[in-house]
Amino acid sequence: LSSPQVPTAHGKANMAVYKEAGQAVCEVLADFAEKVEKRSVDEVAVDVTRAAKDLLESTPFADVLEEALAPGSHQADSAATLEMARESHAANRKGSKAQKERLERTSAGGDYDQEERMLMAAAVVVSRARRAVSDRLGFSCSGGVAPTKQLAKLGCGLHKPNQQTVVLPRHIDGLLQDLPLDRLQGLGGKEGKQLISRLGVTTAGELGALTPDDLVRAGAADEGSARIYIAMARGTYRDPVVHRMTYKSFAASKNFYREALDTDEAVDAWLKKFSEELWERVTKDREKHNRAPTNVTISVNRGGSSVSRTGPLSIGWGGSAGGG
């Protein structure tokens, strides 16, 4: 029996190989997008507006549509898509039994206005970018194409592996109607549970039928958060893609489930390991991006409570990256 082994360093899992692979993916995507926003090790948002516009200007729309509807590219109003949209965040993360590579061709959906033509052209660009990642790096990836970053992220998780979902404006209401509340960005934890307990809503459709004032009166959110939650539930929340191909901060951490840090020596030993890991990453980043951290934060979480302290950091270089 042979099982894969996660590489280790500094006494814990070594994520460097995954971080480097994620960076390589960003560099491939930059050949197709005017803005590339690295959001995590395995999540990237891209703005392909310019490339989609150029494609429409140079290619008959019938040909664009043919490629956009190729097997593996799905419309957000299909029965298969709506089935996946009804799954909870937890079920989706674990990998649903319904998640599979679907290779049937998606049918065209009538006439397309200019915005929808742009989105279908964007679907072609994203499909080509995903193919380039596979050809150059050997990685498969899924994608979402939509008018907003939030909806694109949602679409990306609906059909995996190695597929993409196109969310047109006409699809948004139906897609969100039965979407579990915890599938909305930021509502997978205590904030989402608070909305459910205070308001009795369980889906994006139910939340979108309310107003920000309803949330404030129920004590479910402050005014600013209430406006964002309602906009997300209605599919109108706009958070532009920010061109950022590198991390804003570096972090090293570990959960101690089996071995409690109950002595000063144990704490010092692990702080040394964290420092060594961060130093390796900072020095590599400096070689590539000529920057350095200017702040350091130490956080401790225990039994649901946390303590955090931040202070200035000078390591003798000029730079502006946040430290973690």
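Source: prediction; values computed, not measured.

Colleague: Help me understand the sheet that holds strand 5 (residues 73–75) in this model?
Modeller: Backbone hydrogen bonds hold the strands of a sheet together, and the pairing may be parallel or antiparallel. In spatial order, the strands read 5-7-6; together these 3 strands make up an open sheet with parallel pairing. Looking at the sheet topology across the chains shown, the edges are occupied by strand 5 and strand 6 (143–145). Adjacent strand axes in the sheet meet at a mean angle of 20 degrees, parallel and antiparallel pairs treated alike. Across the face of the sheet, helix 6 (residues 114–137) comes into contact with strand 5, strand 6 and strand 7 (164–166) while running at roughly 170 degrees to strand 7.

Colleague: Help me understand the side chain of Thr-246 in this model?
Modeller: Looking at the element boundaries, Thr-246 is found in the loop between helix 12 (223–234) and helix 13 (264–289). Relative accessible area serves as the criterion here: at 16%, Thr-246 is assigned to the buried category.

Colleague: Would you explain the environment of Ser-314 in this entry?
Modeller: Its place among the elements puts Ser-314 in the segment after strand 9 (305–312). Judged by its relative accessible area of 68%, Ser-314 falls in the exposed class. Along the backbone, Ser-314 and Pro-147 are 167 residues apart, and their C-alpha atoms lie at a distance of 42 Å.

Colleague: It is not clear to me how the side chain of Lys-38 should be interpreted in this structure. Could you clarify?
Modeller: Mapped onto the elements, Lys-38 comes out in strand 3 (residues 35–40). Of the side chains bearing the opposite charge, Asp-42 lies closest to the buried Lys-38, which forms no salt bridge; the N-O distance is 8.7 Å.

Colleague: Could you clarify how one ought to interpret the nonpolar core in this entry?
Modeller: Nonpolar side chains in soluble globular proteins tend to be buried together. Leu-184, Leu-187, Leu-195, Leu-207, Leu-215 and Tyr-229 are the most contacted members of the largest nonpolar core, which has 29 residues in total. When residues of this core are traced back to their parent elements, those giving at least two are helix 4 (79–85), helix 7 (149–156), helix 8 (172–177), helix 10 (204–208) and helix 12. In terms of residues, this core owes the most to one element, helix 12, which gives 5 residues. Apart from residues lying up to four places away in sequence, Leu-207 is in contact with Leu-181, Leu-184, Leu-187, Leu-195, Leu-199, Val-201, Leu-215, Tyr-229, Ile-230 and Ala-233. Grouped together as the second largest cluster of nonpolar side chains are 25 residues, Leu-119, Ala-123, Val-124 and Met-245 included.

Colleague: I keep staring at unusual backbone geometry and nothing clicks. Help me out?
Modeller: Each neighbour pair has its own omega, and for Lys-160 with Pro-161 the value is -5 degrees, a cis peptide bond. When you line up the elements, Pro-161 lands in the loop between helix 7 and strand 7. Notably, Asn-162 is not glycine yet its phi reads approximately 55 degrees, a positive angle. One non-glycine residue, Asn-290, lies in the positive phi region at around 55 degrees.

Basis of the calculations
- Residue numbers restart at each chain and count upward from 1, following the sequence in its written direction.
- Where local features are concerned, this predicted model is filtered to residues with pLDDT of at least 70; where side-chain atom pairs are given and counted, the filter is 80 or more; whole-chain, interface and lining totals use all residues.
- Here the side-chain values reflect all heavy atoms present in the structure, with hydrogen atoms and water set aside.
- When DSSP finds two or more bridges between a pair of strands, those strands are recorded as paired.
- Helix and strand assignments come from DSSP, with helices taken as H or I runs of at least 4 residues and strands as E runs of at least 2, each series counted from the N terminus.
- Every angle, taken between N-to-C directions, lies between 0 and 180 degrees, and every axis is a line fitted to C-alpha atoms, over only the stretch in contact when it is a helix.
- Contacts are assigned to residue pairs that have any heavy atoms within 4.5 Å of one another.
- The classification of residues rests on relative accessible area computed with a 1.4 Å probe and restricted to protein chains. Under 20% of the type maximum is buried, over 50% is exposed, and intermediate values are partly exposed.
- Under the counting rule used here, the positive set is Lys and Arg, the negative set is Asp and Glu, and His together with the chain ends is not counted.
- In the sections that follow, a salt bridge refers to a side-chain nitrogen of Lys or Arg positioned within 4 Å of a carboxyl oxygen of Asp or Glu.
- To qualify as a nonpolar core, a set must consist of buried Ala, Val, Leu, Ile, Met, Phe, Trp, Tyr and Cys residues joined through side-chain atoms within 4.5 Å.

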